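Letter by letter, the chains look like this.
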Amino acid sequence: MDLVGNTPMIEITRALTLARGQRIFAKAEWANPGGSVKDRAAARMILEGERSGRLTKEKIILDATSGNTGIAYACIAAARGYRLRLCVPENISPERKSILAALGAEVIYTSGQDGSDGAILEARRRFESAPAKYFYPDQYGNDDNWRAHFHSTGPEIWKQTRGRITHFVATVGTGGTLMGAGRFLKKQNPAVRVIAVEPDSPFHGLEGMKHMAAAIVPKIYDLKFADETMYVSTEAAHESIRKVARTEGLLVGLSSGAALAAAESVANRIARDRKPAVIVTVFPDNADKYLTERFWKES
Amino acid sequence: MAATFLIPTVLRTHTGNRESVTIEGKTVGEALESLVKAHPGLKPHIMTEAGKLRSFVNVFVNEDDIRQKGNLKAPVKSGDEISIVPSIAGG
Ligand SMILES: Cc1ncc(COP(=O)(O)O)c(C=O)c1O
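Residues numbered from 1 in each chain as written. Chains lettered and ligands numbered in written order. Predicted model: local features only at pLDDT ≥ 70, side-chain atom pairs only at ≥ 80, totals over all residues. Heavy atoms only, no water.

Within chain B, the secondary structure is distributed over two helices and five strands. The N-to-C order of helical and strand elements in chain B reads β-β-α-α-β-β-β. For a compact globule of 91 residues, the expected C-alpha radius of gyration is about 12 Å, and chain B comes in at 12 Å, within 12% of that figure. Projected onto its principal axes, the C-alpha positions of chain B cover 30 × 25 × 25 Å. (Helix = DSSP H or I, 4+ residues; strand = E, 2+ residues; numbered from the N terminus. Rg over C-alpha atoms; globule rule 2.2 N^0.38 Å.)

Encoded structure:
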């Protein structure tokens, strides 16, 4: 647990042509022990469950996830001796399936046709049919999810930019990262603009992200909080990922590609007004779990 | 040759909320063409302007990924179930 957070901040320079005065930084969240940003939320939800007495050794931890939260829970559950049951859409990447199996998690696969909402409904159904059996953190409705970022991601960004951040760009799945870090940064400086990034279509290949207009909107996500929402296509994210791989030597994941594509548009827009900007985004995971995807072979 | 397309939940707004659509076609390519002709709102979600499958979209005939079966030329028989699944789920 002590290893979660305090991730490096990387400046992206070679993958983009930025105007003078525009700088883009990204938090390298794959440096967390479970390999993604979701370690932060999972660790806090489990610790708060223990502290409040709702999570005890006889309980089975149950939640819905498209992968990274599941991997984070699986690491923590293994290390602390809990049983874990996850509802996961069957079309997650094969790498994720292997990781979950290796960590000993019990996985219930839901139909790929129903996407992540199908997994959410399955988890709710199981919890409601036997509430005493489970500890159901419910990452989509648990305030400790966004609080994890209010207390770690947000302060780290503030410190690493020495308070000079002007724009915070974050992809949204549960919205935990955006709401938590966004609230902290606006509390330090209300002028910081918070920009949400969503897939441009409900049918997309951007793992971990949600197109809110066509999904169960997470209870912790306030659609009115961000100053703006940008929409990125799966292909634009692929393009950014290939560029980052081939010019920065970093293999980043799909939502990181989407985050960078959005950050780049923000930078270009600000440059037209001839204003300087320090744009910070979050790279939620790296490409380890996506290496079998076809897009690497395109141009 | 009538086959059935299973429509992902998030795309059902383009099929009048229907979960499945019955389509004629001897190959997956033909069947997809008839599908997007009947429900044009689906097209940009699954195909590129050039009429190719978008790279993150997988198509299965029954259990078989068409990319192992000749892609859009993969044969379709009466009674087959064709599903359209993104390679990765969000959330
Ligand atoms: C790869 C990836 N990117 C982005 C996100 C979104 O993060 P959050 O749930 O904090 O909105 C997730 C969360 O599931 C994820 O796994």
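Let us look at the site of the ligand. In the vicinity of the ligand, 16 residues are found, and the nearest of them are Lys38, Thr174, Gly175, Thr177 and Ser255 of chain A. Of the chains in the model, those with residues near the ligand are chains A and B. Thr177 of chain A is positioned such that a nitrogen or oxygen atom in its side chain is 2.6 Å from an oxygen atom of the ligand. One of the side-chain nitrogen or oxygen atoms of Ser255 of chain A is found 2.6 Å away from a nitrogen atom of the ligand. Protein contacts shield 99% of the accessible area of the ligand, which totals 390 Å² for the unbound molecule. (Near = heavy atom within 4 Å. Polar contact = N/O pair within 3.5 Å; in protein donor to acceptor, adjacent residues only side chain to side chain. Areas by Shrake-Rupley, 256 points an atom, 1.4 Å probe, with all protein chains shown as cover.)

In this section: the sheet that holds strand 2 (residues 22-28) of chain A. Residues and elements named next belong to chain A. Strand order in this open sheet of six strands is 1-2-10-7-8-9, and the pairing throughout is mixed. Edge positions in the sheet fall to strand 1 (9-11) and strand 9 (228-232), since each of these pairs with one other strand and no more. Along the sheet, successive strands turn relative to each other by an average axial angle of 25°, direction set aside. Both strand 7 (residues 167-171) and strand 10 (residues 277-283) contribute to a ladder of three bridges, which runs parallel. Paired with Val169 across the strands is Thr281, a residue of strand 10. Against the sheet, helix 5 (residues 143-160) makes contact with strand 1, strand 2, strand 7 and strand 10, and its axis sits at roughly 140° relative to strand 2, the strand it touches most. (Pairing = 2+ DSSP bridges. Axes fitted to C-alpha atoms, helices over the stretch in contact; angles between N-to-C directions. Contact = heavy atoms within 4.5 Å.)

Okay, helix 5 of chain A next. Residues and elements named next belong to chain A. In this model helix 5 runs 25 Å from its N-terminal to its C-terminal C-alpha over 18 residues, within 8% of the 26 Å that 1.5 Å per residue would give. The largest bend along helix 5 measures about 35° and falls at Phe150. For helix 5, the full list of buried residues reads Asp144, Asn145, Trp146, Ala148, His149, Phe150, Ser152, Thr153, Gly154, Glu156 and Ile157. Its buried side turned inward, helix 5 meets strand 1, strand 2, helix 1 (38-51), strand 7, helix 6 (176-188) and strand 10. Capping the start of helix 5 is the job of one residue whose side-chain oxygen sits 2.8 Å from the backbone nitrogen of Asp144: Asn142. (Expected span 1.5 Å × (residues − 1). Bend = angle between axes of the 7 residues up to and from the residue. Buried < 20%, exposed > 50% of the residue type's maximum accessible area, 1.4 Å probe, protein only.)

This part is about the packing of aromatic side chains. Residues and elements named next belong to chain A. Scanning the entire structure with this criterion turns up six aromatic pairs over all chains. When the centroid spacing of 6.2 Å and the interplanar angle of 90° are considered together, the rings of Trp146 and Phe150 count as edge-to-face. Taken together, the residues Trp146 and Phe150, both in helix 5 and four residues apart, mark about one turn of the helix. Across the pair, Phe150 and Trp146 agree in class, each one buried. Chaining the aromatic ring pairs together yields one cluster made of Trp146, Phe150 and Phe184. Taking NZ or CZ as reference, Arg183 lies 4.4 Å from the ring centre of Trp146, over its face. A cation sits over an aromatic face here: Arg183 above Phe225, 5.8 Å from the ring centre. (Phe/Tyr/Trp six-rings, centres within 6.5 Å; stacked < 30°, edge-to-face > 60°. Lys NZ or Arg CZ within 6 Å of the ring centre and 35° of its normal.)

Turning to the sheet that holds strand 1 (residues 2-6) of chain B, a few remarks are in order. All names here are of chain B. With mixed pairing, the five strands of this open sheet are ordered in space as 2-1-5-3-4. Strands at the two margins of the open sheet, each flanked by one partner only, are strand 2 (20-24) and strand 4 (64-65). With two bridges joining them, strand 3 (residues 57-61) and strand 4 adopt antiparallel strand pairing. The partner of Val61 across the bridge, within strand 4, is Asp64.

Our next topic: the pattern of salt bridges. Counting across every chain of the model gives 25 salt bridges over all chains. In this structure, Arg242 of chain A engages Glu239 of chain A in a salt bridge whose closest nitrogen and oxygen atoms are separated by 3.2 Å. Remark: Glu239 of chain A and Arg242 of chain A occur in helix 7 (residues 234-248); sequence separation between them is three residues, near one turn of the helix. Across the pair Asp64 of chain B and Lys69 of chain B runs a salt bridge whose closest N-O atoms are separated by 3.8 Å. A relative accessible area of 46% means that Lys69 of chain B is categorised as partly exposed. When salt bridges that share partners are traced, they join Lys27, Glu29, Arg40 and Glu156 of chain A into one network. (Salt bridge = Lys/Arg side-chain N within 4 Å of Asp/Glu carboxyl O.)

Residue and element names in this part refer to chain A. Along its sequence, chain A is organised into domain 1 (9-32 + 151-297) and domain 2 (38-135). Placing a centre on the C-alpha atoms of domain 1 and another on those of domain 2 gives a separation of 25 Å. The interface of domain 1 with domain 2 comprises 20 residues on the first partner and 19 residues on the second. Both sides of the domain 1 and domain 2 interface together cover about 1,400 Å² of buried area, and 40% of this is carbon and sulfur. Broken down residue by residue, the surface that domain 1 buries against domain 2 is led by Glu207, Ile216 and Lys289, which jointly contribute 44%. The interface formed by domain 1 and domain 2 holds five salt bridges in total. The salt bridge involving Glu29 is made with Arg40; its shortest N-O contact spans 2.8 Å. Viewed at the interface, domain 2 and domain 1 are joined by 14 residue pairs in polar contact (both at pLDDT 80 or more). Of the residues belonging to the side of domain 1 that touches domain 2, the class tally is five nonpolar, seven polar and eight charged. (Domains from an automatic or database assignment. Buried area = accessible area lost by both parts, 1.4 Å probe. Nonpolar A, V, L, I, M, F, W, Y, C, P; charged D, E, K, R; others polar.)

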